[in-house]
Every structure is written in C-alpha cells, then in structure tokens.
Amino acid sequence: MAAGAVVGAWMLVLSLGGTVTGDQNITARIGKPLVLNCKGAPKKPPQQLEWKLNTGRTEAWKVLSPQGDPWDSVARVLPNGSLLLPAVGIQDEGTFRCRATSRSGKETKSNYRVRVYQIPGKPEIVDPASELMAGVPNKVGTCVSEGGYPAGTLNWLLDGKTLIPDGKGVSVKEETKRHPKTGLFTLHSELMVTPARGGALHPTFSCSFTPGLPRRRALHTAPIQLRVWSEHRDAVPLKEVQLVVEPEGGAVAPGGTVTLTCETPAQPPPQIHWIKDGRPLPLPPGPMLLLPEVGPEDQGTYSCVATHPSHGPQESRAVSVSIIETGEEGTTAGSVEGPGLETLALTLGILGGLGTVALLIGVIVWHRRRQRKGQERKVPENQEEEEEERAELNQPEEPEAAESSTGGP
Ligand SMILES: *[C@@H]1O[C@H](CO)[C@@H](O)[C@H](O)[C@H]1NC(C)=O
Ligand SMILES: *[C@@H]1O[C@H](CO)[C@@H](O)[C@H](O)[C@H]1NC(C)=O
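Computed from a predicted model, the values in this text were never measured in an experiment.

Observations regarding the site of ligand 2
1) Next: With respect to spatial proximity, the complete set of residues near ligand 2 consists of Val35, Asn37, Leu78, Asn80 and Ser82.
2) Next: Residue Asn37 places a side-chain N or O atom 3.1 Å away from a nitrogen atom belonging to ligand 2.
3) Next: Within the side chain of Ser82, a nitrogen or oxygen atom sits 3.2 Å from a nitrogen atom of ligand 2.
4) Next: With the chains in place, 49% of the 360 Å² that ligand 2 exposes on its own is no longer accessible.
5) Next: In terms of residue class, the shell around ligand 2 is made up of two nonpolar, three polar and no charged.

So, in structure tokens, the structure goes:
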C-alpha cells in the first residue's frame, strides 16, 4: 500500500510537469556511442523491462527487450538493462522510454529526449575584402561554417561587438545547405557594410558560429582588419593610378611651384616613380613630386608609375607642366618662395583632409637647378634663412590661432 502511494505521487509529478520535467534531455555527438540507463531495473538478468523508441528510424514505437534480438547495428539492450546505440546518427533523434519492474515489484519509468549534434569545422572568412570605401556598400567577405548539426547560426562582429543587420549600413545574405548524404549543414553568410564617412579607419571584422543546441561553445574565425578609404573628391572610387597636378592645368608663372601627386588605392602603398617626357627621373620613389621655382627646363609632360608587388606597374595619364609668360619677371621673381610654399601647404591641407593618399611617405623635390643653393644652405650663417622658411611653412595655422585668441572682448 505504501509503495503504491509513492508510485502514485511520482506519476502525479510526471503528469503535472508534463514533457517539461518528465523528459530528460540528452545530447549526443554524431558517430559516438550513447548509453541510456533504465532506472529501477535489476542490474543483472532476469529483468522485467522494456525499451520503447520513437525516432527518425522508427515508424511509431519500436520495442526492444533484453530477451529480444538487437536492432541491427542501431541499438541493443545491455546485460544491465541499459540501452546502447553504438554510433548515434541524425535519425536517432527522438524519444526513448524504459519501463522497469524491480524484484520487489516497483515500477519505474525513464523518459529521454535525445538530440544529436555535430561540431562544425572552425568557421572561416572566404574572399575577404582588403579595403573598404566609405559611403558606399562594400562586401566584407563570406563567413562559412561547414559540417555542423543542427544548423546553428553565424554572426558577424565588428571590433568584437555583434553586428545587427539593418538592411542599410549592415546587411547579411545567408544561405544554408544540407549535405545530401550526411545531413550536416553548411552555412554561408555574406556581409555587406557601408562604412560611415569619417568613421574608423581600421575596422576589424570577425565571424562566430553559435551552435543550435544550448550549452555548446561558440566558434570564432580569425579576425580580419580592413582599411577604409574615403571617397575621392569627385565621388568616384579610385580604381586606377591618378595624377593630380596643382595648380590645375599645370601652368605657372616662371618661378612658381607645381605639385604633382600620384594617387593610388592599392594597399600596401606601392612604389611610385616619376617619368618626364617618357624618361624616368633619377629620383627616389615617392608619391609626391614638387617642382619649386619652375623654369623653362621643367616644362614637359609628367606621369607617375605605381609598382605594386601583386598588380605590376601601372602608369597614370600624363600631365603637362608649362610656364605662362607674364613679361613681369622682376616682380614674380621677388615673391617666389611665398606663393610656392603656400601652394604646398594648401595641397597638403586638401589631400590630408581627404585622407585618400599615402602621402606621409614623403615629398620629392626635383631640385636639379637648386643644387648650388642647397649647398649654400649648409653654411652656418644661412641658418636664419632656413628658420624663416620653416616659420613660413607653419603660416596657415598661425593666423587662425591668432584670430581665435583675439576673438574675445
Ligand atoms: C528539455 O528540452 C525542452 C525543449 O526541447 C525544454 O522545454 C525542457 O525544459 C527541457 N527539459 C529539461 C529537464 O531541461
Ligand atoms: C550498464 O553498462 C554500461 C556499459 O558497460 C555502462 O556504461 C552503464 O553505465 C551501465 N548502467 C548502469 C545503470 O550501471
């Protein structure tokens, strides 16, 4: 009577809890053995017990008992009453029940909900971009996870924070494929982003796989770091080597300064050489060529050649540098240094603001005619002149600072 009451109470708990607490959730790795214990069963035969399975392999319930034959290589009852599945497959997902009666006649039920999983390979980012253009949608890469079960999900991270697709600045195209034989999943997630203008210059992207079952560890790709480029001044992304001449048109008064800047989108910055009238100039490589105090011998056509280890050499269009005859050489000669440096400062300001060019590598000055002057400058008594020149270079900032400090009452 007392035993009956205990069983009755147990049944009540089961029916109250329903499937929520009644079933014990089991996860089993595909290909590995799984043992399910039949609670309350005698440890050795003879036993009074029965296993019932409802899985992907069964039609309705399949019954297995210690006396019966094993079910092919799928499952069999062990001498201690437990059920062994030697190698779990996707089709073994389902419900497993055992009903056992102890020697004293007490009945116990075991209920299992079996789910299987497979850990996919480490996710990878294939076809990663190497650089992004601000203000337009760019493909960052495709994250791929292969051989997982259940499907799970892929998430992208930007600088360690999960990226939420919003269909605008961040969008993701996903594809889930299932292997026809193994039933394992391959996930693809292609990320498109539109970097904000003036945003981070070196964002880091990574991707993580979140398993479809709880309490399983996420897997992460190696991060990729990209370079964000600002748009070119006319909003056309740089695809080719561009030669920008300052002043525009390349015409200056005698003694003026011409700045040639070679712009290239390639990363790492390629080596840039200069060509005048079809012949290479004997200068060290650099992205900017400065022609100070332009004279007749500086006239001609100039182009730059960017040599990138992976792309090979690329030549820009040619631009011509010419002198405008003013007939007032006396006055222009007097103010040579000033306008020239201002032009340089202006050019640097514009290019620096756009941030499109790897300018900081250096400026080459084509000073064929200035060698004699350069030597003069090494003489100590001319140091003052050099100081003056430096001060002039700083000019664009100084008047601004002065204005703001006198802006008060
Ligand atoms: C077993 O999993 C189901 C969902 O599949 C859940 O509702 C239930 O709470 C889980 N049971 C236990 C005991 O964790
Ligand atoms: C029954 O035997 C199997 C295999 O030897 C073992 O893994 C399992 O834990 C045993 N079950 C019980 C209830 O002792």
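Some remarks on the pairing of strand E12 (residues 153-158)
1) Next: Here E12 runs beside strand E16 (residues 204-210); their pairing, made up of six bridges, is antiparallel. When the sheet's bridge partners are listed, Leu157 is paired in E16 with Ser206.
2) Next: Judged from the two bridges that link them, E12 and strand E13 (residues 161-162) form a sheet pairing that is antiparallel. Its bridge partner being in E13, Leu158 is matched across the sheet by Lys161.

Re the sheet that holds strand E5 (residues 76-77)
1) Next: With respect to topology, three strands assemble into an open sheet ordered E2-E6-E5, the strand pairing being antiparallel. A strand with exactly one partner marks an edge of an open sheet, and here the two such strands are strand E2 (34-36) and E5.
2) Next: Here E2 runs beside strand E6 (residues 83-85); their pairing, made up of three bridges, is antiparallel. By the bridge assignment, Leu36 is partnered in E6 with Leu83.

Digging into the state of the cysteines
Working definition: the covalent bond between the sulfur atoms of two cysteines is a disulfide.
1) Next: This model, assessed by the stated rule, comprises three disulfides.
2) Next: The disulfide that involves Cys38 links it to Cys98, with 1.9 Å between the sulfurs. Residues Cys38 and Cys98 are joined through a disulfide that is left-handed, its torsion about the S-S bond being -75°. Taken as a pair, Cys38 in the loop between E2 and strand E3 (48-55) and Cys98 in strand E7 (residues 94-101) lie far apart in primary sequence, 60 residues in all. As far as the burial class goes, Cys38 and Cys98 line up, both buried.
3) Next: The side chain of Cys143 participates in a disulfide bridge whose partner is Cys207; the two sulfur atoms lie 2.0 Å from each other. The S-S bond linking Cys143 to Cys207 shows a torsion near -85°; that makes this disulfide left-handed. Taken as a pair, Cys143 in strand E11 (residues 138-148) and Cys207 in strand E16 lie far apart in primary sequence, 64 residues in all.
4) Next: Sequence-ordered numbering of the bonded cysteines in the protein chain yields a pairing of 1-2, 3-4, 5-6.

Brief notes about the packing of aromatic side chains
1) Next: Following the criterion strictly, the structure yields two aromatic pairs and no others.
2) Next: Measuring from centroid to centroid gives 6.3 Å for Trp51 and Tyr112, while their planes differ by 20°, and the two rings are stacked. Taken together, the positions of Trp51 in strand E3 and Tyr112 in strand E8 (residues 107-117) put the pair 61 residues apart, joining distant regions of the chain. Note on accessibility: Trp51 and Tyr112 belong to one class, buried.
3) Next: Ring geometry for Tyr149 against Phe185: centres 5.8 Å apart, planes inclined by 20°, an arrangement best described as stacked. Placement of the pair is Tyr149 in the loop between E11 and E12 and Phe185 in strand E15 (residues 185-193), with a sequence separation of 36 residues. Assigned by exposure class, Tyr149 and Phe185 land together as buried.

Each value, and the rule that gives it
Residues numbered from 1 in each chain as written. Chains lettered and ligands numbered in written order. Predicted model: local features only at pLDDT ≥ 70, side-chain atom pairs only at ≥ 80, totals over all residues. Heavy atoms only, no water. Near = heavy atom within 4 Å. Polar contact = N/O pair within 3.5 Å; in protein donor to acceptor, adjacent residues only side chain to side chain. Areas by Shrake-Rupley, 256 points an atom, 1.4 Å probe, with all protein chains shown as cover. Nonpolar A, V, L, I, M, F, W, Y, C, P; charged D, E, K, R; others polar. Pairing = 2+ DSSP bridges. Helix = DSSP H or I, 4+ residues; strand = E, 2+ residues; numbered from the N terminus. Disulfide = S-S within 2.5 Å. Buried < 20%, exposed > 50% of the residue type's maximum accessible area, 1.4 Å probe, protein only. Phe/Tyr/Trp six-rings, centres within 6.5 Å; stacked < 30°, edge-to-face > 60°.

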